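# Architecture at a glance
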Amino acid sequence: MEALIPVINKLQDVFNTVGSDVIQLPQIAVVGTQSSGKSSVLESLVGKDLLPRGTGVVTRRPLILQLVNLSPEDRRKAAGEENGIESEEWGKFLHTKNKIYTDFDEIRQEIENETERISGNNKGISAEPIHLKIFSPHVVNLTLVDLPGITKVPVGDQPKDIEIQIRDLILRYISNPNSIILAVTAANTDMATSEALKVAREVDPDGRRTLAVITKLDLMDAGTDAMDVLMGRVIPVKLGIIGVVNRSQLDINNKKIVAEAIRDEYAFLQKKYPSLANRNGTKYLARTLNRLLMHHIRDCLPELKTRINVLAAQYQSLLNSYGEPVEDKSATLLQLITKFASEYCNTIEGTAKYIETSELCGGARICYIFHETFGRTLESVDPLGGLTTIDVLTAIRNATGPRPALFVPEISFELLVKRQVKRLEEPSLRCVELVHEEMQRIIQHCSNYSTQELLRFPKLHDAIVEVVTSLLRKRLPVTNEMVHNLVAIELAYINTKHPDFADACGLMNSNIEEQRRNRMRELPPSVPRDKGAPGDGTQDAGTGGWRGMVKASKSEDGAYEEKTKYMTSLPASPQKGHAINLLDVPVPVARKLSAREQRDCEVIERLIKSYFLIVRKNIQDSVPKAVMHFLVNNVKDNLQSELVGQLYKSLLLEDLLTESEDMAQRRNEAADMLKALQRASQVIAEIRETHLW
């Protein structure tokens, strides 16, 4: 199981190369208040002076410290690899690549320099970690993270929210469920006020991955001891509480070596805490951390392996979506153009690979526009909309000229029905516009869902959009002209012999006799059947033409009464002999219609309605056909040839197939991450099952 910690170190090296923290690796995070002795504990574990020391805030960047135990055999092998290192202990930084440090004073100086390079030289902190690897036969295999000490008051050029920044930085490391929290607290402070244990408990309420270290046992007040604390009677910690004695600042100034300090620590524990001496001290802490980390890695490894495999599959898929670097540009361009044209046509036909589920698009939406939007709009157009009875009467009277007419003039029907049919042109042109907009939207749909390769080449994408938009724009006037002509054709010849219209006229003619008989029945017996009622000033005798084409019914009479209720007669009329200034009379003159005028108007209205419905039916059928032929099918048939003709040119190849810098960078990042994950997977696969137990 000793082999597990080097495995994690290898994984850490693998992921450090891509600078990513997608995988949460098992490690030990050292947490404590400022000057509680965190760095001293780490130095004791290493056995060397290698960390910056002093009062105030010293650790200002996370230090990821990998301790690698070297056996004599490993030592000889490493010496051969590293060009014959003389020293048995050395260190390496990630940021200095392969440079070897055998002088630990140089390591300390490099840590200070690297800290100042990022964090400044006046107490500022940074979240960017420093990676240091120590090779030595005197250390146990460990991976530790030395974090900045918890502080409350900003000093130097530290920002006002320094407490929050440090806290967030610490939480970022200890929130990792695969980390062990080493909570460092000074013995000469009250355990109940320990900030380290408080922060640890926030992310690890059960204490399953928290180990407490009590430092400065030799600095407690006279007459007090840490027996209760070390026994766990004050605050119990599941992984245990270990006490250590650090070197004082005076010892450090006097260059007291760590080995000597460990001997003094052992003597102090034997004297002060004889019953606990074998379960406290730096050596016991190192062994405990080693054991905890190994068991923790063993527990995390299956999940870690699964996570790496899942991520590898995800990044492989991501890399595939970015595509391979272009080699044959001519073939690639032709392939992309053909694929786009094919997807565009398939989206219209409904055979595209990517079916939209949130809304209608492509051919389905065009069908909806034809039969729902356009169809319902036409059906909502009132045949007599904008036409009042007075308008009809005025048209009839204008069409008769100076002579009173015996029959309803046909020209009045023709003029009025043309006016109504003309109202169908606007919704027809709007239908063309809607289909044009949808075909424009299909371009975006194909870019987003169907041909993601286009997103790699923004210039090609823009050029394709421009060509298709231009083609659609070119077909729009032609289609509008055809639709305009369809309405103009209907207006050009009012076919009163149309079979459906003739049937409507015949139906009305069949009611003429019945209407006449009913009227004759209502006359008194003394009145001759072929004469009008005495005193009737209207020319009812003339029932020829369309005037009699009205089916008399009570409901229609009621409707007529409603229609004319608001009309008022003029105070004077020419029939009564009063003079009238014609220029002052508004047109139309509001008055009560005579029975003949009423019948004439109703005949015209019925004929207009009947003919309008025939034309509307024709327009509802012919406009979608015209749009399909002149716009949709034409674009489908000519799209590929247009794209090839406009874009497939040797002069444009280089420019069109220029990748966006962002895409190239993302592909490189994904490729690097995929390599790291595959390497990590190999590292884990090398572990024998027997190593796990």
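Residues numbered from 1 in each chain as written. Predicted model: local features only at pLDDT ≥ 70, side-chain atom pairs only at ≥ 80, totals over all residues. Heavy atoms only, no water.

### Brief notes about the overall build of the protein chain
Per the secondary structure count, the protein chain includes 21 helices and nine strands. Expressed as a percentage of contacts within the protein chain between residues at least 6 apart in sequence, the contacts between residues at least 24 apart total 81%. Only carbon and sulfur atoms are counted for the fraction: they give 52% of the accessible area of the protein chain, which is about 36,100 Å². (Helix = DSSP H or I, 4+ residues; strand = E, 2+ residues; numbered from the N terminus. Contact = heavy atoms within 4.5 Å. Areas by Shrake-Rupley, 256 points an atom, 1.4 Å probe, with all protein chains shown as cover.)

### Notes on the packing of helix 13 (residues 389–400) against helix 14 (residues 410–421)
It is at 8 Å that the axes of helix 13 and helix 14 come closest, and there the two elements cross at 135°. Here helix 13 is positioned oblique relative to helix 14, judged by the angle of their axes. Of the two elements, helix 13 crosses helix 14, and the hand of that crossing is right-handed. Of helix 14, the residues touching helix 13 (which contributes Asp391, Val392, Ala395, Ile396 and Ala399) are Ile411, Ser412, Leu416 and Arg419. Considering only residue class, the contact of helix 13 with helix 14 consists of six nonpolar, one polar and two charged. (Axes fitted to C-alpha atoms, helices over the stretch in contact; angles between N-to-C directions. Parallel < 35°, antiparallel > 145°, perpendicular 65-115°, else oblique. Left-handed = near helix turned anticlockwise from the far one by under 90°. Nonpolar A, V, L, I, M, F, W, Y, C, P; charged D, E, K, R; others polar.)

### A few points about the confidence of the model for the protein chain
Looking at the protein chain as a whole, the pLDDT averages 77, with 79% of positions reaching at least 70. Looking at the elements of the protein chain, mean pLDDT is at its lowest for helix 18 (residues 554–564), recorded as 44, and at its highest for helix 16 (residues 458–492), recorded as 91. Here residues 527–577 is modelled with pLDDT under 50, and outside its nearest four sequence neighbours on either side it reaches 70 contacts, counting other chains as well. (pLDDT = per-residue confidence, 0-100.)

### Overview of the sheet that holds strand 3 (residues 90–93)
If you walk across this open sheet you meet the nine strands as 4-3-5-2-6-1-7-8-9, and the pairing is mixed. Among the strands making up the open sheet, the edge pair consists of strand 4 (100–101) and strand 9 (241–243). Relative to strand 6 (residues 142–146), strand 1 (residues 27–32) runs parallel, the two being bridged by three bridges. Residue Ile28 lies in a different strand from strand 6, and its bridge partner there is Leu144. The sheet contacts of helix 6 (residues 195–203) involve strand 1, strand 7 (179–186) and strand 8 (210–215), and relative to strand 7 the element is tilted by about 155°. (Pairing = 2+ DSSP bridges.)

### Section: the pattern of salt bridges
The full count for this structure, using the stated rule, is 17 salt bridges. Here the residues in one salt-bridge network are Arg61, Glu114 and Arg117, joined through shared partners. (Salt bridge = Lys/Arg side-chain N within 4 Å of Asp/Glu carboxyl O.)

### Regarding the pairing of strand 7
The element strand 7 is largely enclosed, with a buried count of eight among its eight residues. Side chains Ser179, Ile181, Ala183 and Thr185 project from strand 7 onto one buried face, and the interleaved Ile180, Leu182, Val184 and Ala186 project onto a second face that is buried too. One ladder, built from six bridges, connects strand 1 with strand 7; its direction is parallel. Note that in strand 7 the partner of Ala29 across the bridge is Ile181. You can see the chain leave strand 7, run along helix 6 and come back into strand 8, and the turn it takes is right-handed. (Buried < 20%, exposed > 50% of the residue type's maximum accessible area, 1.4 Å probe, protein only. Right-handed = clockwise from strand over helix to strand, strands pointing away.)

### What about unusual backbone geometry?
You will see that Lys216, though not glycine, has its phi angle at about 60°, which is positive. For Lys216, the position within the fold is in the loop between strand 8 and helix 7 (227–230).

### What about the packing of aromatic side chains?
Tallied over the full model, the rule gives four aromatic pairs. The interplanar angle of 20° and the centroid separation of 5.2 Å between the aromatic rings of Trp90 and Phe135 together place this pair among those described as stacked. Of this pair, Trp90 sits in strand 3 while Phe135 sits in strand 5 (residues 130–136), placing them 45 residues apart in sequence. For Trp90, a relative accessible area of 1% gives the class buried. For Phe135, a relative accessible area of 15% translates into the label buried. For the pair Phe93 and Tyr101, a centre-to-centre distance of 5.3 Å together with 90° between the ring planes defines the contact as edge-to-face. Neither Phe93 nor Tyr101 differs from the other in exposure class; each is buried. (Phe/Tyr/Trp six-rings, centres within 6.5 Å; stacked < 30°, edge-to-face > 60°.)

### Here's the deal with the nonpolar core
The tendency in soluble globular proteins is for nonpolar side chains to be buried side by side. Membership of the largest hydrophobic core comes to 71 residues, with the highest contact counts inside it found for Tyr344, Met439, Leu460 and Leu643. Contributions of two or more residues to this core are made by helix 11 (329–349), helix 12 (363–380), helix 13, helix 14, helix 15 (425–450), helix 16, helix 19 (595–647) and helix 20 (650–656). In terms of residue count, helix 19 provides more of this core than any other element does, 19 residues in total. If sequence neighbours within four positions are ignored, Leu460 has contacts with Leu333, Leu336, Leu454, Leu647, Leu656 and Leu657. Listed in part, the 58 residues of the second largest apolar core include Val7, Leu142, Ala312 and Tyr322. (Core = buried A, V, L, I, M, F, W, Y, C linked by side-chain atoms within 4.5 Å.)

### Some points on the side chain of Ser428
With respect to the helices and strands, the residue Ser428 is situated in helix 15. On the accessibility criterion, Ser428 (0% relative accessible area) is buried. With residues near it in sequence (within four places) discarded, Ser428 still touches Phe374, Val483, Ile619 and Val623.

### Overview of the environment of Thr224
Looking at the element boundaries, Thr224 is found in the loop between strand 8 and helix 7. A C-alpha to C-alpha distance of 9.4 Å links Thr224 and Asn188, two positions 36 residues apart in sequence.

### So, the environment of Thr151
Mapped onto the secondary structure, Thr151 falls in the loop between strand 6 and helix 5 (162–174). The residues touching Thr151, leaving out its near neighbours within four places in the chain, are Gln34, Ile162, Glu163 and Ile166.

### What to know about helix 9 (residues 258–272)
If you check helix 9, its first and last C-alpha atoms are 21 Å apart, about what 15 residues at 1.5 Å a residue would give, namely 21 Å. Packed against the buried residues of helix 9 are helix 2 (38–46) and helix 10 (282–322). (Expected span 1.5 Å × (residues − 1).)

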